[in-house]
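# Fold and contact review
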Amino acid sequence: MWDSLWINVHLATMRDGYGEIVDGAIAVKDGKIAWLGSVSALPADYQTKVIHDGQGCWLTPGLIDCHTHLVYAGNRSNEFEARLNGVAYEEIARQGGGIVSTVRATRAASEQELYEQSLPRLRSSLEQGITTIEIKSGYGLDTVSEAKMLRVARRMQAEHAVRVRTTFLGAHALPPEFAGRADDYIDEVCQHMLPAIAAEGLADAVDVFCEKIGFTPAQTERVFAAAKAHGLPVKLHAEQLSDQGGAALTARYQGLSADHLEYLTDSGIEAMREAGTVAVLLPGAFYFLRETKLPPIEALRKAGVAMAVASDCNPGTSPMTSPLLSMNMACTLFRLTPLEALQGTTIHAAKALGLADEVGSLEVGKRADFALWCITRPADLAYQIGINPHFMTVFAGQVRK
């Protein structure tokens, strides 16, 4: 006896390419996929409590945004306008702008205010078929504020039909009170902030911004070692602006993912391949910053490194929430194929969050998280711009309201 059966759908299982099953059906029991295949292959003796008519839609795994900074307070559109009027970023920073302005606003916001300011961004993502989303901290930069951000992220999962994976990004930037004392701040992250976050069970992973304007590889490794001591997997903002060897370092710690990767080298690619570390591509930041250095897509492709695609939703360098636009940008800017873009927001994104056994493809035993789309073929999801063909989302077997 199944809980529900979906018929009159075309399935993109995301196994072996799109894994298309035209005129398919998919059954759900106890929030998981119990059966799927061609409707003509349905067991003769099947029983189900409810039958849903998919109205000829394409049904895909629920989309996954595996890299976001969605929880923050404040707004930086004034900086966007200033830069376009010729004001240099360094001058904006001297005037109290940049990440410091977001830190200031996030610290000042109450937990409820932070939730209310972040909720519209979450809702925007959900309206485009997202069922799993990663949310990083990193705009608090002290124990109290970082924990506040992560509690807000946990609350979003508790109050909305979405799975949230939280990532502690305390080593995102140097807070003003530690100016000129980066090593002391890493001490604070490793000895006080991370243990407190772990004790409260607020983080599913740990991230660092490893860059010339961020933290050195040596400082990054100290955070990775602390994360490992607390049983937390790691990931990294790596090789966005320069080659710091961050991808190889992440691979050495069996990291889930290395993200950005515009300056990734062949040695970093090989290390990621051997470790199974996912390359997370962030075309929104590339577009917004008007970057010109492309990630080494063809080399990643030839090496067989899984490539995920994410929004990088954040107030400074990628103020967008749309997974569909991320997919289109990945195709137009990075030359991914539509298939690779959809894999990047489903099966490979699941791997980047350590959830490959649970979500990301339509398979018996996986969670019944899927989205229905009014499209003629799966490639339409990466092809169309400004059109949201989302028809319905099912989360853990239940239609999401």
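Remember, predicted model here, so these are calculated numbers, not experimental data.

## Description of the packing of helix α4 (residues 111-126) against helix α5 (residues 143-159)
Packing of α4 against α5 brings their axes to within 10 Å, and their N-to-C directions diverge by 55 degrees. In terms of orientation, α4 and α5 fall into the oblique class. With respect to the hand of their crossing, α4 and α5 are arranged in right-handed fashion. The residues of α5 that touch α4, namely those facing E111, Q112, L114, Y115, S118, L119 and L122, are K148, M149, R151, V152, R155, M156 and E159. Counted by class, the contact of α4 with α5 contains seven nonpolar, two polar and five charged residues.

## Focus on the UniProt feature "binding site: N-formimidoyl-L-glutamate" (unreviewed entry) in the chain
Per the UniProt record, the feature "binding site: N-formimidoyl-L-glutamate" (unreviewed entry) sits at Y139, N314 and G316. Look at the named residues: they lie 178 residues apart in sequence, but the longest C-alpha span between them is just 11.4 Å, so in the fold they bunch up. Tracing the backbone shows Y139 in the loop between β6 (130-136) and α5. Once residues lying within four places of it in the same chain are set aside, the contact partners of Y139 are H69, V71, Y72, I99, T102, V103, T106, E146, M149, H172, N314 and P315. Considering the arrangement of structural elements, one finds N314 in the loop between β12 (307-309) and α12 (323-332). Only 2.7 Å separates the side chain of N314 from the backbone oxygen of D312, close enough to count as a polar contact.

## Looking at the pairing of strand β1 (residues 2-12)
By the criterion of burial, β1 is predominantly enclosed, with eight of the eleven residues buried. Looking at chain direction, β1 and strand β4 (residues 48-61) are connected through eight bridges and run parallel. Bridge assignment links I7 to a residue of β4, and that residue is D53. The pairing of β1 with strand β2 (residues 20-29) spans six bridges and is classified as antiparallel.

About the cut-offs
Residues numbered from 1 in each chain as written. Predicted model: local features only at pLDDT ≥ 70, side-chain atom pairs only at ≥ 80, totals over all residues. Heavy atoms only, no water. Axes fitted to C-alpha atoms, helices over the stretch in contact; angles between N-to-C directions. Helix = DSSP H or I, 4+ residues; strand = E, 2+ residues; numbered from the N terminus. Parallel < 35°, antiparallel > 145°, perpendicular 65-115°, else oblique. Left-handed = near helix turned anticlockwise from the far one by under 90°. Contact = heavy atoms within 4.5 Å. Nonpolar A, V, L, I, M, F, W, Y, C, P; charged D, E, K, R; others polar. UniProt positions renumbered as here; feature names shortened; annotations may be inferred. Polar contact = N/O pair within 3.5 Å; in protein donor to acceptor, adjacent residues only side chain to side chain. Buried < 20%, exposed > 50% of the residue type's maximum accessible area, 1.4 Å probe, protein only. Pairing = 2+ DSSP bridges.

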